[in-house]
Amino acid sequence: MIIAIYPGSFDPITNGHLDIATRAAKLFKRLIIGVCETSSKHLLFNTEERVDLVMQSIVELPNVGVESFTGLAVDFARKVGARVMVRGLRMGGDFEREFNMGMMNKKLCPELELVCLMSSVEYQFLSASLLKEVASLRGRIDDIVPKHVAQALREKFHNEL
Ligand code: ADP
């Protein structure tokens, strides 16, 4: 009966993130999406907004929850009693980044296992940063984010209610 965390910035959550969460939820008793509370200037949505967008996205996933966290993801895992950290892998740079981070996390918290799920083909190209660029230029984003996220992006960039 394993609890897993899925940490990230989720600025905002995309269908690529949701695909990973949906598949991971089938593997574990409980999956907790950890929204990292960072002061990075590059974030479009504040922590409360990012948590809220995740919450609205997981209503149909009964064993998935969401919490924000500050500091190290391994400390968040310890706090919620998770034995596994889930991450998504797209083609390109993700593997090297996840590998390095995974090695460091193993050093910091040897009892925590990393489980990487490969991104589904249709979301391989999708990153939150590219999504934000397309949304800011009024590109079509309806099939790569949930409806409420598309709406939140339109409000942020174009003040459209
Ligand atoms: P980052 O670690 O770059 O801040 P995010 O917070 O956006 O990444 O995402 C958290 C996790 O979700 C990471 O493991 C990232 O690789 C993964 N992820 C992001 N976009 C996708 C996607 N389109 N398909 C699969 N996994 C993804």
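Placed above this text is the structure.
These figures come from a predicted structure and were not determined experimentally.

Peer 1: I'd like a rundown of the site of the ligand, residues and numbers included.
Peer 2: Around the ligand, 17 residues are found, and the nearest of them are Tyr6, Ser9, Arg87, Gly88 and Leu126. Here Arg87 contributes a side-chain N or O atom positioned 2.9 Å from an oxygen atom of the ligand. Between Tyr123 and the ligand, the recorded distance is 2.9 Å, taken from a backbone N or O atom to a nitrogen atom. Breaking the shell around the ligand down by element, the ones donating at least two residues are β1 (3-8), α1 (15-25), β4 (84-89) and α4 (94-108). Tallied by class, the residues present in the shell around the ligand amount to six nonpolar, six polar and five charged.

Peer 1: Give me the lowdown on the nonpolar core, citing residues and values where you can.
Peer 2: Counting 35 residues, the largest nonpolar core has Tyr6, Leu31, Ile33, Val54, Ile58, Val86 and Ile141 as the members making the most contacts within it. With five residues, the top contributor of residues to this core is α1. Look past the residues within four positions of Val86 in its chain and what remains in contact with it is Ala4, Ile5, Tyr6, Pro7, Ile20, Ala24, Phe28, Leu31 and Val115. In this structure, Ile5, Cys36, Phe69 and Ala73 belong to the second largest nonpolar core, which totals 14 residues.

Peer 1: Outline the sheet that holds strand β2 (residues 30-36), listing residues and values.
Peer 2: Pairing is parallel across the open sheet formed by five strands, whose spatial order is β3-β2-β1-β4-β5. Bordering the open sheet on either side are β3 (64-69) and β5 (113-118), each of which pairs with just one other strand. With direction set aside, neighbouring strand axes in the sheet form an average angle of 30°. One ladder, built from two bridges, connects β1 with β4; its direction is parallel.

Peer 1: Describe the pattern of salt bridges, with residues and values.
Peer 2: Within the structure shown, the criterion is met by 13 salt bridges. As a salt-bridge pair, Lys132 and Asp11 come within 2.7 Å of each other at their nearest N and O atoms. With Lys132 in helix α5 (residues 128-136) and Asp11 in the loop between β1 and α1, the pair connects residues that are 121 residues apart, well separated along the chain. Take Lys132 and Asp11: they sit in the same class, and that class is buried. Two residues, Asp19 and Arg23, come together in a salt bridge whose shortest N-O distance is 3.0 Å. Taken together, the positions of Asp19 and Arg23, both in helix α1 and four residues apart, correspond to about one turn of that helix. On the basis of relative accessibility, which here comes to 15%, the residue Asp19 falls in the buried class. Sharing partners across several salt bridges, the network here consists of Arg140, Asp142, Asp143 and Arg154.

Rules of the game
- Each chain carries its own residue numbering, running from 1 in the direction its sequence is written.
- Note on the predicted model: pLDDT of at least 70 is required for a residue's local features to be given, and 80 or more for side-chain atom pairs to be given and counted; whole-chain, interface and lining totals, by contrast, use all residues.
- The side-chain numbers reported here are obtained from all heavy atoms of the structure, hydrogens and water having been left aside.
- The nearness test applies per residue and asks whether one of its heavy atoms lies within 4 Å of the molecule or strand.
- Throughout this description, a polar contact denotes any pair of N or O atoms lying within 3.5 Å of each other; where both atoms belong to protein, one of them has to be capable of donating a hydrogen while the other can accept it, and for residues adjacent in sequence the pair is counted only when both atoms sit in side chains.
- In this text, helices come from DSSP runs of H or I with a minimum length of four residues, and strands from runs of E with a minimum of two, each type numbered from the N-terminal end.
- Gly is put with the polar residues, along with every residue not named as nonpolar or charged; the nonpolar set is Ala, Val, Leu, Ile, Met, Phe, Trp, Tyr, Cys and Pro, and the charged set is Asp, Glu, Lys and Arg.
- Here, the term nonpolar core denotes a set of buried Ala, Val, Leu, Ile, Met, Phe, Trp, Tyr and Cys residues that are joined through side-chain atoms within 4.5 Å.
- Each residue gets one of three labels from its accessible area relative to the maximum for its type: buried under 20%, exposed over 50%, partly exposed in between, using a 1.4 Å probe on protein chains only.
- We call two residues contacting when some pair of their heavy atoms lies within 4.5 Å.
- For two strands to count as paired, DSSP must find a minimum of two bridges between them.
- Here an axis means a line fitted to C-alpha atoms, over the contact stretch when the element is a helix, while the angle between two N-to-C directions is reported on a 0 to 180 degree scale.
- We count a salt bridge whenever a side-chain nitrogen from Lys or Arg sits within 4 Å of a carboxyl oxygen from Asp or Glu.

Distances and angles like these do not, on their own, reveal function.
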